[in-house]
Amino acid sequence: MTEADYRTVGFKSGLEIHQQLFTDKKLFCRCPAGRYSEEYDAEILRHMRPTLSELGVYDGTALMEFKTKKEIIYRINRNTVCTYEMDDTPPFLINEDALDIALGIGMLYNCKLVDELHIARKQYLDGSIPTGFQRTAIYAVDGWIPYKDRTVKIIQMSIEEDSCREVSDFSHNRIYLTDRLGMPLIETVTGPDMRTPQEAAEVGWICAKLVRSTHKVRRGIGAARQDVNVSVEGGTRVEIKGVPKITMIPLLTHNEAMRQWNLLRLREELKKRGLTPETFQAEDYDITSVIKKPYYIPLKNAVESKLKISCIVLKGFKDLLRWETQPDTYFSKEISDRVRVIACLTTIPNLIHSDSRTDTLTSSDWQKVKKQTEATDNDTLIIVWASDEDIQTAVNEIIIRAKEATMGIPSETRQALSDGTNGFERILPGADRMYPDTDLPPKRIEEDRRNKIKSWLPEQFWKRQTWYKELNIPPDTIDELSISKYAELFKKVVNEWKINPTTAAVVLIQYPKRLKKSYLNTDSIDEEMMSSILKAYADGKLTSDFILNALKMSAELGMFVEEIIPQQINDADLEKEILLAEQQMQKMKFVKKESADNIMMGILMKKLRGRISARKVSQKISRLQKDLKNVK
Ligand SMILES: [Zn+2]
């Protein structure tokens, strides 16, 4: 699809980026952060129950989670969790280091910082936070980043606690590890300003570079997770949760836009058939006694396990369960997903239907079911099997989801699948999930604190890039240098020490990589080492062709010492070396004078590298040759 195609469907996307901050400790307790382990000392079992909000209503997600009747098990490791995370002790005061980093990143995003931080509780009822809520605080609003020839809006930024890591989710049991719980995280919400899937990814990269340029955020798998919002004209805002890699964003958002487009077309088709929310009709029947000896294995197992079997007749839906929603994905999956997540029928297939082209029931069995349910040829029949406890939930969800097709696109959060399609995760939570946290007092953000943060805050990387382009440094160093820990050093060596910008960029960015490629341990290379080497070069103590060698020796040694610099050769010794080289060359024959000169330089530089620059050697040779001519 082209940009114009996306404009036609009215593609819109925004990002919510979650980024872990690099701190020693968690946000509201003093447990260590970033210490992950699969080991645990104890398990705690909890059930989630919805309670009425202050306005007297239940939250949609809360109700959905309650319907799932999950048993939630938390695995506790005594080294990484205390009683705070389990809601048995009140929170400690906020981690000041985390708040500083968060505020700094807010400034980089051109946001307005709040004068006073108010900690709130955000309802979380999927079990990923044992208390049922997350402590969170909005600390910055109304920012922007430059993108193409426009800006992308940053709506707000929050500092909050990370949730548990899910271990497994099968049937009515979900298991979590708690080591990640409570680690400091920031959430950055962009405007819905991206018009193509590619743009959504590109803005994702800008945000990733911006936070990395501080060198105060966590890296690696799970340290940054994006929620991607997508909608099309006439569609609904759908959230794809927890996208682990920015490279997945284009395909995921494209497929979600297509899904919404296809669901809108499905609604049109239903309308043509006279099916609207008002005229929608569905009936369910217990057919446990009708199907006695099915040969289709999942059903056969169901009969053997004495499960209940139900048939739902969707009036006028014929063939629509095969309506394509995403590549190789059909409307039937929207229904099956709901049954899987909400009725916890996690073994797939969890239903069959009469639109299917694969053999499930024999035609005589289908006839029996049709007769029992009085279905016509215009209807679609769905058969589902489950225990006594789960069958009604499954039936209800099938009817709910089918009816939603007559309305359009349900508000959902969806999970990213590895093939680039997405699946139902949960109902989109209502807007009233936040309420004040009375455990912690408001906190003023003083001017003094902002100034202190500014002292360590890097320059915005896009400003650095503009300058690099003016300096004409190699294009393949620009991106990396602009977020590198050496960016400030680069500025100094170019502006103050007057080192050639290209040399500086290559030394700082390419040299460590080159050494790494030759399997050298480059861990000890740091700003101090780089700075000493470049200073020696600026002072004329080190020749440019010896910098790589100096870096290599320093990396091996763990530090830079001037002793590694070879002694500079004096004029008399250089003449002697040239004479020796000439003698060596008398035994060779040359057609061209240039190749003779090149070989001579080769012989000399092999011997003298680091003791004198190639330029000086070549100058000396031509001077000697001129003198020789004059003598002749
Ligand atoms: Zn703790």
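Note that the coordinates shown come from a computational prediction; the quantities given were computed from them, not determined experimentally.

1. Concerning the packing of aromatic side chains
With the rule as written, the count across this model stands at seven aromatic pairs. Their ring planes at 65° and their centres at 5.5 Å tell us that tyrosine 6 and phenylalanine 11 sit as a pair that is edge-to-face. Phenylalanine 11 shares its class with tyrosine 6; the two are buried. With 5.2 Å between their ring centres and 80° between their planes, tyrosine 468 and phenylalanine 490 make a pair best called edge-to-face. In this pair, tyrosine 468 is assigned in helix H11 (residues 461-471) and phenylalanine 490 in helix H13 (residues 487-495), connecting sequence segments 22 residues apart. Residue tyrosine 468 shares its accessibility class with phenylalanine 490, and that shared class is buried. Among the aromatic residues, those joined into a ring-pair cluster are Trp467, Tyr468 and Phe490. Directly above the aromatic system of tryptophan 497 lies the positively charged group of lysine 535, at a separation of 5.3 Å from the ring centroid.

2. Remarks on the coordination of the zinc ion
Looking at the zinc ion, one finds its protein donor set to be Cys29 (SG), Cys31 (SG), Cys82 (SG), Glu85 (OE) and Glu85 (OE), positioned 2.3 to 2.7 Å from the metal centre. When the donor residues of the zinc ion are listed from N- to C-terminus, their spacing reads C-x1-C-x50-C-x2-E. Pair noted here: cysteine 31 is in the loop between strand S1 (12-20) and strand S2 (42-46) and cysteine 82 is in the loop between strand S3 (71-76) and helix H3 (96-108), with a separation of 51 residues, a long-range link.

3. Quick look at the pattern of salt bridges
In the structure shown here, the tally under the stated rule is 55 salt bridges. One salt bridge in this structure joins aspartate 439 and arginine 135, with 2.6 Å as the shortest N-O distance. With aspartate 439 in the loop between strand S22 (434-436) and strand S23 (443-444) and arginine 135 in strand S7 (residues 133-147), this pair connects stretches of sequence that are 304 residues apart. For arginine 135, a relative accessible area of 2% corresponds to the buried category. Here the residues in one salt-bridge network are Glu256, Arg259, Glu334, Arg338, Arg401, Glu404, Glu412 and Arg414, joined through shared partners.

4. So, the packing of helix H14 (residues 501-517) against helix H15 (residues 527-538)
In contact at an axis separation of 12 Å, H14 and H15 are set at 140° when each is read in the N-to-C sense. Relative to H15, H14 is oriented oblique. Relative to H15, H14 is oriented so that their crossing is right-handed. Along the contact surface, H14 presents Thr503, Val507, Leu508 and Pro512, while H15 presents Met530, Leu534 and Tyr537.

5. Structural notes on the pairing of S7
The pairing of strand S4 (residues 112-113) with S7 spans two bridges and is classified as antiparallel. Residue pairing in the sheet places leucine 113 in a bridge with alanine 140 of S7. Inspection of the sheet shows S7 paired to strand S8 (residues 150-161) by ten bridges, in the antiparallel sense. Paired with proline 146 across the bridge in S8 is threonine 151. Counted along the chain from S7 to the antiparallel partner S8, the turn is two residues long, and its residue lysine 148 has a positive phi close to 50°.

6. Let's talk about H15
Between the first and last C-alpha of H15 there are 16 Å, a value that for twelve residues agrees with the 16 Å anticipated at 1.5 Å per step. All of the buried residues in H15 are Met529, Met530, Ser531, Ile533, Leu534 and Ala536. Packed against the buried residues of H15 are H13, H14 and helix H16 (547-557). At the C-terminal side of H15, glycine 540 shows a positive phi close to 80°.

7. Some thoughts on the sheet that holds strand S14 (residues 282-286)
The four strands lie next to each other as S14-S15-S19-S18, forming an open sheet whose pairing is antiparallel. Since the sheet does not close on itself, it has two edges, and those belong to S14 and strand S18 (351-353), each with one partner. Averaged over all pairs of adjacent strands, the angle between strand axes in this sheet comes to 20°, irrespective of strand direction. Judged from the three bridges that link them, S18 and strand S19 (residues 380-386) form a sheet pairing that is antiparallel. For leucine 351, the partnering residue across the bridge sits in S19 and is valine 384. Lying over the sheet, helix H8 (residues 363-373) contacts S14, strand S15 (308-314), S18 and S19, oriented at roughly 100° with respect to S19. Lying on the sheet, helix H9 (residues 388-407) is in contact with S14, S15, S18 and S19; it crosses S19 at an angle near 150°.

8. Considerations on the nonpolar core
Counting residues in hydrophobic clusters, the biggest one holds 92 residues, and the most contacted among them are Ile105, Tyr109, Tyr139, Ile145, Ile159, Phe317 and Val384. Leu481, Leu489, Leu520 and Ile525 belong to the second largest nonpolar core, which has 36 residues in total.

9. Some thoughts on a nonpolar patch on the surface
Taken together, the side chains of Ile138, Val141 and Met434 make up a nonpolar region of the molecular surface, amounting to roughly 210 Å² of accessible area. Residue placement: valine 141 occurs in strand S7.

10. Section: the pairing of strand S12 (residues 224-231)
Regular strands place their side chains on alternate faces of the sheet. Among the eight residues in S12, seven count as buried, and that is most of the element. Across eight bridges, S1 lies against S12 in antiparallel orientation. Residue pairing in the sheet places histidine 18 in a bridge with arginine 225 of S12. Strand direction decides the pairing type here: S12 and strand S13 (residues 238-243), joined by four bridges, are antiparallel.

11. Describing the sheet that holds strand S10 (residues 173-177)
Taken together, the four strands give an open sheet; going across it, the order is S2-S3-S10-S9, and neighbouring strands pair in mixed fashion. Both edges of this open sheet fall to S2 and strand S9 (165-170), since each of them pairs with a single strand only. Neighbour-to-neighbour, the strand axes of this sheet turn through a mean angle of 20°, independent of strand direction. With five bridges connecting them, S2 and S3 associate as antiparallel partners. Within S3, the residue paired with isoleucine 44 across the bridge is tyrosine 74.

About the cut-offs
- Residues numbered from 1 in each chain as written.
- Predicted model: local features only at pLDDT ≥ 70, side-chain atom pairs only at ≥ 80, totals over all residues.
- Heavy atoms only, no water.
- Phe/Tyr/Trp six-rings, centres within 6.5 Å; stacked < 30°, edge-to-face > 60°.
- Buried < 20%, exposed > 50% of the residue type's maximum accessible area, 1.4 Å probe, protein only.
- Helix = DSSP H or I, 4+ residues; strand = E, 2+ residues; numbered from the N terminus.
- Lys NZ or Arg CZ within 6 Å of the ring centre and 35° of its normal.
- Donors = N, O, S within 2.8 Å, 3.2 Å for Na, K, Ca; no water.
- Salt bridge = Lys/Arg side-chain N within 4 Å of Asp/Glu carboxyl O.
- Axes fitted to C-alpha atoms, helices over the stretch in contact; angles between N-to-C directions.
- Parallel < 35°, antiparallel > 145°, perpendicular 65-115°, else oblique.
- Left-handed = near helix turned anticlockwise from the far one by under 90°.
- Contact = heavy atoms within 4.5 Å.
- Pairing = 2+ DSSP bridges.
- Expected span 1.5 Å × (residues − 1).
- Core = buried A, V, L, I, M, F, W, Y, C linked by side-chain atoms within 4.5 Å.
- Patch = residues over 30% accessible without salt bridge, like charges linked within 9 Å, V, L, I, M, F, W, Y side chains within 5 Å.
- Areas by Shrake-Rupley, 256 points an atom, 1.4 Å probe, with all protein chains shown as cover.

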